[in-house]
Each structure stands twice: as C-alpha cells, then as structure tokens.
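Single-letter residue listing:
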Amino acid sequence: MTALLALLLLPVLQTGAPAPAVVALASPSADTVLSADPACQDLELMRLAAGDPWARLWLPVGAWHALLGDADVSGTLDAPAGIDALAWDSADPAAPRGALNLWFSSDSDFLGFKDGDVLRVNAAGAVEVVYAEDAIRQALGTSAAFDLDAIELDVNGFLWFSLRDAVSASALGALEDGDVLVYDPAAGTAWIHATEAQVQAWVDAAMPGAGALGDLKSLAFDPLNGALVFTVQSPSSADASVFSAANGGSLLPDFEEPRWGFLQSAELDALTLSMEAPSQPPVLTATAEMVAPAQTFGLDIRHASPNGSLYGMVGSVRKLISTRRGGFGYVAFDLNGPTRTWPSPQSGAMHADASGTVNTTFTAPALPPGHAMLDLIFQAWDITGAQLSTPVLVRVL
Ligand SMILES: [Ca+2]
Ligand SMILES: [Ca+2]
Ligand SMILES: [Ca+2]
C-alpha cells in the first residue's frame with residue numbers, strides 16, 4: 001500500500017459544519033484573470049460559494065489532462081475545446097458533486113465530439129456523449145447543426161438548454177439564441193419554455209434600462225427556491241451577473257458580477273448551482289505540460305489549508321479511483337503502479353504559507369529503457385484540511 005493510500009484511509013477529523021451555502025461552478029467566456037488565481041481559461045471551471053470573497057479555480061486545464069490523457073494518441077494532451085455549458089448529472093441535491101458527475105458542452109468540436117453534444121467524462125477517463133446533437137436536432141425538427149451554449153437538468157430528467165445561434169427552420173418555428181428550450185430525451189420531444197422576449201422581460205425587471213440581452217449564455221436552477229437562473233451576453237456590466245426569473249425578474253443575491261472577482265473582463269458562459277458541494281480543492285498546477293528528461297519545472301499549489309501540511313505523490317499510470325474524501329474526489333493515477341513522493345523521492349510533508357500556497361520544483365526523470373515518453377500524474381493530499389488536490393499530468397519526452 002502506498003503512503004498516499006494509507007493517508008487516504010486515515011479517519012477524517014470532524015470539524016464544525018458550516019452553514020449551508022449555494023455553490024456555483026462556472027466557466028468564463030474567454031481566458032481571464034481572477035483575484036485569487038493568475039488565470040482562468042475558457043475551458044477551466046471556477047467555484048464561488050455564497051459568502052466567498054471571490055471565485056477560485058476549481059478544475060484547471062492540467063486536471064482535464066489528468067482526466068482525459070491523450071485519448072487519440074495525437075501527442076497532445078486532451079481537454080475540451082472551451083466549456084460553454086455545465087449541469088450536474090442529477091437534480092438530486094444529495095447526489096455526488098465531482099468532476100465525473102458534471103455534464104458539459106464545448107465551444108467547438110473536439111476529438112470527434114460536436115459542440116451541440118452534451119458530454120461527460122466517464123470512470124475510464126474518456127469523454128462520452130450523454131445526449132447527441134443529432135438527437136436534440138431531431139426533437140427540434142431541424143436539419144441545421146447548432147451549438148448548445150447552456151444546459152441544465154430538472155427533476156423530471158428533462159434537459160433545459162439554449163442555442164448559441166438562432167435557428168430559422170425548426171418544427172417549433174424560428175428559434176432565438178435567447179430562448180430557453182426543453183428536451184425530453186425519453187419522448188424525443190422538445191419545446192420552448194421561455195422565448196427571448198420573456199427572458200428580456202426578466203432582465204428588464206431586474207435591471208431597468210439594461211438594453212438587449214444579446215444571447216442567453218447559461219442556465220441553472222436556484223437550489224433555494226427552484227427558480228430558473230441564467231446569464232446573458234449584455235450589458236457588459238452584468239454579463240457575469242446571475243439573473244433569476246423569481247419575482248418577475250431579479251438578480252440572484254451573492255452572484256452579481258463583482259462577486260466573481262474578474263481582473264480582466266469576461267462573460268459567464270457556463271453555470272450550475274448546488275447546495276454545499278462541491279468543496280474547494282487545493283489547486284495543483286505545473287509550469288510545463290511537456291518536458292524533457294532531467295528538465296526542472298515548477299509545481300505550485302494554491303487554496304490549500306493556510307499554514308497546512310501537504311503530502312505530494314506522483315504516479316505514471318493514469319487511472320481514476322473514486323474516494324469518499326474531500327477535494328477533487330479522485331486519485332488520478334494507479335496506486336498499485338509505480339509511485340513516489342514529490343518534490344523529492346524521500347520528501348515528507350510540504351508546508352503551505354498563510355495564504356495556502358506552496359511553490360516547489362520537480363526534475364523529470366530519465367525515460368525508462370525502450371520508452372519514447374512517460375506520463376507523470378501529480379497530486380497532493382492536504383493533511384490539515386483532509387482534501388485531495390486537483391491532479392496535473394506532465395508528459396516527459
Ligand atoms: Ca468557457
Ligand atoms: Ca457548446
Ligand atoms: Ca444561447
């Protein structure tokens with residue numbers, strides 16, 4: 001049994017339960033800078049809980065690489081081509097909230113998947129189609145391809161969604177990019193829940209004089225009252241504010257644009273809400289994706305327990321193992337494969353500073369005889385906070 005596995009089996013210290021809070025996972029419409037993170041890319045996810053001072057990175061690009069590897073053996077590590085829609089795979093508030101329980105849509109086609117598909121990452125670390133663009137297109141009665149730019153799941157198993165661009169020919173009539181649509185996958189039918197004009201009326205009530213909303217860019221349900229919530233393209237002062245259909249149109253408290261802490265303007269183009277979960281894991285990033293043998297690169301952790309102790313482990317066989325521990329919720333490498341500690345083979349615990357930051361370096365090993373490349377999957381266990389960090393995959397070649 002590896003040291004990390006042993007640590008994962010230690011009992012969790014009971015801490016006082018925090019007050020229940022609404023937790024948002026979201027993605028920006030373009031690469032941006034957060035108050036608490038140097039970058040949040042279009043394909044990355046951030047987390048903001050009601051009451052937090054600002055949003056923090058939740059799923060960095062390196063974690064996508066660790067989840068997906070290099071599925072098409074193209075020589076580049078895989079990640080979605082931007083994230084423009086998010087939903088939890090269950091409307092059950094007690095359901096797990098982790099990286100493999102998220103449905104998403106991408107900004108553009110990638111790895112053979114379409115920008116109108118609803119996708120997920122499965123336990124084997126592969127992208128799979130939940131609902132195909134073609135199936136939704138049939139339900140809409142149109143031959144036109146489309147890009148899904150908002151999704152959410154309701155208690156009936158219906159998919160709520162929005163289109164990135166208007167579709168002129170459909171069985172439902174002309175569809176606008178601001179319409180809220182619903183798809184029943186069991187019946188293969190779809191309908192309009194709210195037209196763009198209705199959504200505009202909610203925006204006007206929430207923010208008189210806001211002007212034309214442009215595009216509806218994300219959909220979710222408020223877990224406190226079940227109301228439909230959404231983000232819009234315009235006005236730019238509120239394109240990261242979460243609007244609600246509650247009370248004839250309102251702003252969702254605690255989720256107005258300034259709360260995200262963008263230091264570089266961005267729209268919110270994907271959003272999903274839940275109660276209390278997921279938690280904020282320590283975020284592990286590497287300063288390089290591809291390195292040469294003997295090359296030294298940086299491994300940095302943010303959002304760990306302040307002044308806490310962390311234990312670093314690295315494995316070379318990608319495998320997703322679910323844990324009931326906090327944080328990322330998965331060990332991303334095979335604990336029975338070759339593993340060692342980092343930053344050095346004999347290193348003990350690392351220590352975070354008062355902001356929960358750790359900066360280390362790692363020197364890539366030589367390639368094993370006969371190997372053209374070696375994937376290293378790094379992860380850390382925050383001993384103090386009993387939280388598993390996000391993983392990051394670095395390829396040596
Ligand atoms: Ca995005
Ligand atoms: Ca899409
Ligand atoms: Ca839309």
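Residues numbered from 1 in each chain as written. Chains lettered and ligands numbered in written order. Predicted model: local features only at pLDDT ≥ 70, side-chain atom pairs only at ≥ 80, totals over all residues.

### A few points about the overall build of the chain
Okay, so step 1: Counting secondary structure elements, the chain contains four helices and 29 strands.
Okay, so step 2: The C-alpha atoms of the chain give a radius of gyration of 21 Å, which matches the 21 Å a tight globule of 397 residues would have.
Okay, so step 3: Principal-axis analysis of the C-alpha atoms places the extent of the chain at approximately 65 × 45 × 35 Å.
Okay, so step 4: Within the chain, buried positions represent 47% of all 397 residues.
Okay, so step 5: In the chain, the share of contacts with a sequence separation of at least 24, taken over all contacts with a separation of at least 6, comes to 59%. (Helix = DSSP H or I, 4+ residues; strand = E, 2+ residues; numbered from the N terminus. Rg over C-alpha atoms; globule rule 2.2 N^0.38 Å. Buried ≥ 20, exposed ≤ 12 C-beta atoms within 10 Å, placed from the backbone. Contact = placed C-beta atoms within 7 Å.)

### A word on the domain arrangement of the chain
Buried accessible area, meaning the area lost when the parts come together, often serves as the stated size of an interface.
Okay, so step 1: On domain assignment, one finds that the chain holds domain 1 (22–275) and domain 2 (281–396).
Okay, so step 2: Here domain 1 and domain 2 have C-alpha centroids that lie 30 Å from each other.
Okay, so step 3: In this complex, domain 1 contributes 15 residues to the contact, which on the side of domain 2 involves 18 residues.
Okay, so step 4: Ranked by residue count, the leading element in the side of domain 1 that touches domain 2 is helix 2 (residues 61–68), at four residues.
Okay, so step 5: For the side of domain 1 that touches domain 2, the residue count by class is eight nonpolar, five polar and two charged. (Domains from an automatic or database assignment. Nonpolar A, V, L, I, M, F, W, Y, C, P; charged D, E, K, R; others polar.)

### Digging into helix 2
For an α-helix, 3.6 residues make a turn, and residues three or four places apart therefore share a direction.
Okay, so step 1: Buried residues dominate helix 2, accounting for eight of its eight residues.
Okay, so step 2: Of all the positions in helix 2, only Val61, Gly62, Ala63, Trp64, His65, Ala66, Leu67 and Leu68 are classed as buried.
Okay, so step 3: The first or second residue beyond helix 2 is Gly69, which carries a positive phi of 65 degrees.

### Considerations on the sheet that holds strand 10 (residues 180–184)
Okay, so step 1: On the basis of which strands lie adjacent, the open sheet formed by four strands has the order 8-9-10-11 and antiparallel pairing. Only two strands of the sheet have a single neighbouring strand rather than two, namely strand 8 (148–153) and strand 11 (189–194). Strand-to-strand, the axes of this sheet are offset by a mean angle of 30 degrees, without reference to chain direction.
Okay, so step 2: Where strand 10 meets strand 11, five bridges bridge the pair, whose relative direction is antiparallel. Each residue of the ladder has a partner; that of Asp184, found in strand 11, is Thr189.
Okay, so step 3: Where helix 3 (residues 133–140) meets the sheet, its contacts fall on strand 10 and strand 11, and the angle it forms with strand 11 comes to roughly 75 degrees. (Pairing = 2+ DSSP bridges. Axes fitted to C-alpha atoms, helices over the stretch in contact; angles between N-to-C directions.)

### A short note on helix 3
Okay, so step 1: Looking at helix 3, one finds that the buried residues are Glu133, Ile136, Ala139 and Leu140. Projected down its long axis, helix 3 carries its buried residues within an arc of 125 degrees, all on one side.
Okay, so step 2: Looking at the buried residues of helix 3, the elements they touch are strand 7 (127–131), strand 10 and strand 11.
Okay, so step 3: Gly141 occupies a position one or two residues after helix 3 and carries a positive phi of about 70 degrees. (Arc of directions from axis to C-beta.)

### Focus: unusual backbone geometry
Okay, so step 1: Residues Ala277 and Pro278 are joined by a peptide bond in cis, for which omega reads 5 degrees.
Okay, so step 2: Positionally, Pro278 belongs in the loop between strand 16 (268–275) and strand 17 (283–286).
Okay, so step 3: In this structure, the amide linkage connecting Trp342 to the following residue, Pro343, adopts the cis form with an omega of 10 degrees.
Okay, so step 4: Assignment of secondary structure puts Pro343 in the loop between strand 24 (339–342) and strand 25 (350–351).
Okay, so step 5: In the Ramachandran plot, Glu276 falls in the positive-phi region, its phi being about 70 degrees despite a non-glycine side chain.
Okay, so step 6: Within the secondary structure, Glu276 is located in the loop between strand 16 and strand 17.
Okay, so step 7: Its 16 C-beta neighbours within 10 Å are what place Glu276 among the partly exposed residues.
Okay, so step 8: At Ala294, a position not held by glycine, the phi torsion is positive, near 75 degrees.

### Re the environment of Ala24
Okay, so step 1: Of note, Ala24 is situated in strand 1 (residues 22–28).
Okay, so step 2: Considering only alpha carbons, one finds Ala24 and Phe297, 273 residues apart in sequence, at a separation of 32 Å.
Okay, so step 3: With residues near it in sequence (within four places) discarded, Ala24 still touches Arg47, Leu48, Phe255, Leu271 and Leu273.

### Overview of the sheet that holds strand 12 (residues 216–221)
Okay, so step 1: Taken in spatial order, the four strands of this open sheet run 12-13-14-15, and their pairing is antiparallel. This sheet does not close on itself; its edge strands, each paired only once, are strand 12 and strand 15 (250–251).
Okay, so step 2: By the bridge criterion, two bridges tie strand 14 (residues 243–244) to strand 15 in an arrangement that is antiparallel. Pairing of Phe243 across the sheet is with Leu251, part of strand 15.

### Description of the pairing of strand 9 (residues 159–163)
Okay, so step 1: Across the five residues that make up strand 9, a large majority, five, are buried.
Okay, so step 2: With burial as the criterion, each face of strand 9 is covered, one bearing Leu159, Phe161 and Leu163 and the other bearing Trp160 and Ser162.
Okay, so step 3: Here strand 8 pairs with strand 9 via five bridges, running antiparallel. Bridge pairing in strand 9 links Leu153 to Leu159.
Okay, so step 4: A loop of five residues connects strand 8 with strand 9, the two strands running antiparallel in sequence, and Gly157 in this loop sits at a positive phi of about 85 degrees.
Okay, so step 5: Sheet analysis places strand 9 next to strand 10, joined by three bridges and oriented antiparallel. In the sheet register, Phe161 faces strand 10, and the bridge partner there is Leu181.

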